[in-house]
Amino acid sequence: MKSLIDKLEREQILSREEFISLIENHNPELAGYLFERALAVRHRHYGHDVYIRGLIEFTNYCKNDCFYCGLRASNRNAQRYRLSQEQIMDCCREGYRLGFRTFVLQGGEDPWYNTDRIEDLVRTIKSEFSDCAVTLSVGEHPREVYQRWYDAGADRYLLRHETATAKHYSMLHPANLSLENRLRCLWDLKEIGYQVGCGIMVGSPGQTTENIADDLLFMAKFQPDMVGIGPFIPQHDTPFRDKTAGTLELTVFLLGIIRLMLPQVLLPSTTALGTIHPTGREQGILAGANVCMPNLSPTEVREKYALYDNKICTGDEAAQSLNSLKKRMESIGYRVVESRGDRAGRMIQ
Ligand code: SAH
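Residues numbered from 1 in each chain as written. Predicted model: local features only at pLDDT ≥ 70, side-chain atom pairs only at ≥ 80, totals over all residues. Heavy atoms only, no water.

S.K.: An account of empty space enclosed by the protein is requested, with residue identities and associated values reported.
M.R.: All chains considered together, the criterion is met by three cavities of 30 Å³ or more. Taken as a whole, the largest cavity encloses approximately 940 Å³ of empty space. Around the largest cavity sit 44 residues that line it, and Gln-106, Ser-137, Arg-160, Glu-162 and Leu-307 are the ones nearest its centre. Of all the secondary structure elements, the ones that give two or more residues to the lining of the largest cavity are strand S2 (54–59), strand S3 (102–107), strand S6 (195–202), strand S7 (226–231) and helix H11 (271–276). Ranked by residues supplied to the lining of the largest cavity, first place goes to S7 with five residues. Surrounding the second largest cavity, 17 residues form its lining, Thr-271, Met-293, Pro-294, Asn-295 and Cys-313 being those nearest its centre. Broken down by secondary-structure element, the contributors of at least two residues to the lining of the second largest cavity are S2 and helix H14 (318–331). Its residues assigned to classes, the lining of the second largest cavity shows seven nonpolar, six polar and four charged. (1 Å grid on protein atoms, 1.4 Å probe; cavity = no way out; pocket = protein on both sides within 12 Å on 5 of 7 lines; lining within 4 Å. Points joined across faces, edges and corners; volume = space filled by probe spheres on them. Helix = DSSP H or I, 4+ residues; strand = E, 2+ residues; numbered from the N terminus. Nonpolar A, V, L, I, M, F, W, Y, C, P; charged D, E, K, R; others polar.)

In structure tokens:
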């Protein structure tokens, strides 16, 4: 199995069968070797720097009904909120003071936040913070809409593909959502010129090793700038409330594989990873991740953005979460840096 890791480092790709056997045979010893190689690659491109993104969860209204997500439209127990543009600007100002140079605007697919309002929001943020990157993560839209937001100044877009297998996609989503449209969105975003992030939940209901291998092959073909992966965690008000969560071990193992396959990719150690284990985010960094996304949303709304249960940091002030993150990173030999944190090797227009 170690020879497969060497091959992956050398060729940055494996066959479907090789990915399957690598994943199926993962164990602590093999993981130790994988992380050693993944860190060597990470240090070559990014040193010991950890990039931070200020996450602003600006609306939890959503017209979609994804089976795994606590924001789903038919969740009557969700307490819905939507931040005003002024509230979002205040989050950015606070974030800027703290050293953030990327703001991630994430939300459900909220019809009130339509094309015009998001366009105006992006323009307003970019005019006050011209040295910052703006990342959007607001789901599936027509190409023309993505183009308008890009022209308004948005730099990046996060849209996890969730799974590259149509049959598995239909186990996670209602019939009006399709893998085909999700992938159309990703290719449109890339063609327009965004830095694009795709990704999956690890251990989502029905996921097989074959599915994960196909997700990796999709990533190799798509060549994303970012890859967001975190464990699936059940949410008590969804149809998946009784499903098993994904594991820390498999998530970090996949982080290591992705670092070797896409050496310069921006790879977050996610909040979900920090939620399933007290040192999950540190372990993600030590597997090859190089990004963290602390929450900049106002504390009053944090708990309401309940994608999954027991989410961490819902009680902290932004400054508090950042300080604790800095200490955690220092404790494992890494440092949080104040920078836009674009992907290494990418030309910025
Ligand atoms: N509406 C946006 C943002 C979705 S939330 C979009 O469609 O992209 C961001 C990510 O959270 C999702 O892509 C999904 O992968 C993840 N997520 C949602 N519910 C989750 C759960 N129960 N456990 C773990 N991750 C979850």
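From this point, the discussion proceeds with the structure in view.
S.K.: Explain the packing of helix H9 (residues 209–222) against helix H10 (residues 248–261) to me, using residue names and the numbers behind them.
M.R.: Between H9 and H10, the shortest axis-to-axis distance is 11 Å and the interhelical angle comes to 30 degrees. Between H9 and H10, the angle is such that the two are roughly parallel. Of the two possible hands of crossing, H9 and H10 adopt the one that is right-handed. Contact residues: H9 offers Ile-212, Leu-216, Met-219 and Ala-220, while H10 offers Leu-250, Leu-254, Ile-257, Ile-258 and Met-261. The class makeup of the residues in the contact of H9 with H10 is nine nonpolar, no polar and no charged. (Axes fitted to C-alpha atoms, helices over the stretch in contact; angles between N-to-C directions. Parallel < 35°, antiparallel > 145°, perpendicular 65-115°, else oblique. Left-handed = near helix turned anticlockwise from the far one by under 90°. Contact = heavy atoms within 4.5 Å.)

Don't take any of this as a statement about function, it's just geometry.
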